[in-house]
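Tertiary structure, described
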Amino acid sequence: MKSAHKGAMMLLKNLSMIFSLCTIDLAFKDNILYVKKDNYPIKVSKKVNLTNVENRGFALNVLEDKPLVKYVPILLTAFLFFRLCKLSLKRKKALERFGLILIIAGSLSNIYDRLKRGYVVDYIHIDLPFIKEVIFNLADVYIFVGSITASFAALFTKNRGKR
């Protein structure tokens, strides 16, 4: 019984982290929308600007305004959520769980945007030659870092083939 209780507590902690990370990104998005578009870009540093872009597709507006853009992320997030629940209840694979937490938080934030606004608010622009046209949000950073973390965990942890 103690093990099940600890697993449930782990799941609760993981859900709290997802909620917190998602809330942080949504708060940034709300603040970005509060400022009139005429006031953008806002220079944060020499290479970083804040802006306000409506992304109606996947990364770089791929599949803009297609129904898949709404439903595929929901299905993938549900799958990842069930994987996280399984790992949390067994209290296994902490690095993979952390990666999943980041991916799910970022995905939920962007899904919320798509369902509420019909688009995702992107607001970070880094002025580097190789990503000059890329504008993203904190949720995208969560997804990127989480994907790397979960992939790293899957490739380099012991007993990766065992369940």
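Structure report, in brief. Position numbers for residues count from 1 along each chain, tracking the sequence in the order it is written. It should be noted that, the model being predicted, local features are given only for residues of pLDDT at least 70 and side-chain atom pairs only at 80 or more, the latter also being counted only at that level, while totals for whole chains, interfaces and linings use all residues. Values reported for side chains reflect all heavy atoms of the structure, with hydrogen atoms and water molecules removed beforehand.

Side note on the side chain of Thr-149
- Secondary structure elements follow DSSP: runs of H or I no shorter than four residues count as helices, runs of E no shorter than two count as strands, and numbering proceeds from the N terminus. Tracing the backbone shows Thr-149 in helix 4 (residues 138-156).
- Two N or O atoms count as a polar contact when they lie within 3.5 Å, although within protein this holds only if one can serve as hydrogen donor and the other as acceptor, and sequence-adjacent residues are included solely when both atoms are side-chain atoms. Within polar-contact distance, the side chain of Thr-149 engages the backbone oxygen of Val-145 at 2.8 Å.
- With near-sequence residues (within four places) excluded, Thr-149 lies in contact with Leu-95, Phe-98 and Gly-99. In this analysis, two residues are considered to be in contact whenever any of their non-hydrogen atoms come within 4.5 Å of each other.

A word on the nonpolar core
- Here the nonpolar core consists of buried residues drawn from Ala, Val, Leu, Ile, Met, Phe, Trp, Tyr and Cys, with membership extended through side-chain atoms lying within 4.5 Å. Categorising residues by exposure relies on relative accessible area from a 1.4 Å probe, with only protein chains included: less than 20% of the type maximum marks a residue as buried, more than 50% marks it as exposed, and the intermediate range marks it as partly exposed. Ile-18, Leu-21, Leu-84, Leu-87, Leu-100, Ile-101, Leu-102, Ile-104, Ala-105 and Tyr-142 form the largest nonpolar core, which has 10 residues in total.
- Broken down by secondary-structure element, the contributors of at least two residues to this core are helix 1 (2-34), helix 2 (68-90) and helix 3 (94-117).
- Among the elements that line this core, the one with the most residues is helix 3, at 5 residues.
- Apart from the residues lying within four places of it in its own chain, the contact partners of Leu-84 are Asn-14, Ile-18, Arg-97, Leu-100, Ile-101 and Ile-104.

A word on unusual backbone geometry
- At the junction of Tyr-40 and Pro-41, the peptide bond is cis and its omega measures out at 0° in the coordinates.
- Relative to the helices and strands, Pro-41 is located in the loop between helix 1 and strand 1 (42-43).

Some points on the pairing of strand 3 (residues 120-126)
- Among the 7 residues of strand 3, 6 are classified as buried, and the element is accordingly described as predominantly covered.
- Strand pairing follows a simple DSSP-based rule, namely that at least 2 bridges must link the two strands. Judged from the 6 bridges that link them, strand 2 (residues 48-55) and strand 3 form a sheet pairing that is antiparallel. Looking at strand 3, one finds that Asn-55 is bridged to Val-120.

Comments concerning helix 3
- For helix 3, spanning 24 residues, the distance from its first C-alpha to its last is 34 Å, which sits close to the expected 34 Å at 1.5 Å a residue.
- Burial analysis of helix 3 places 17 of its 24 residues in the buried class, the great majority of the element.
- Gly-118, located one to two residues past helix 3, shows a positive phi value of around 90°. To estimate the expected span of a helix, count its residues, drop one, and scale the result by 1.5 Å.

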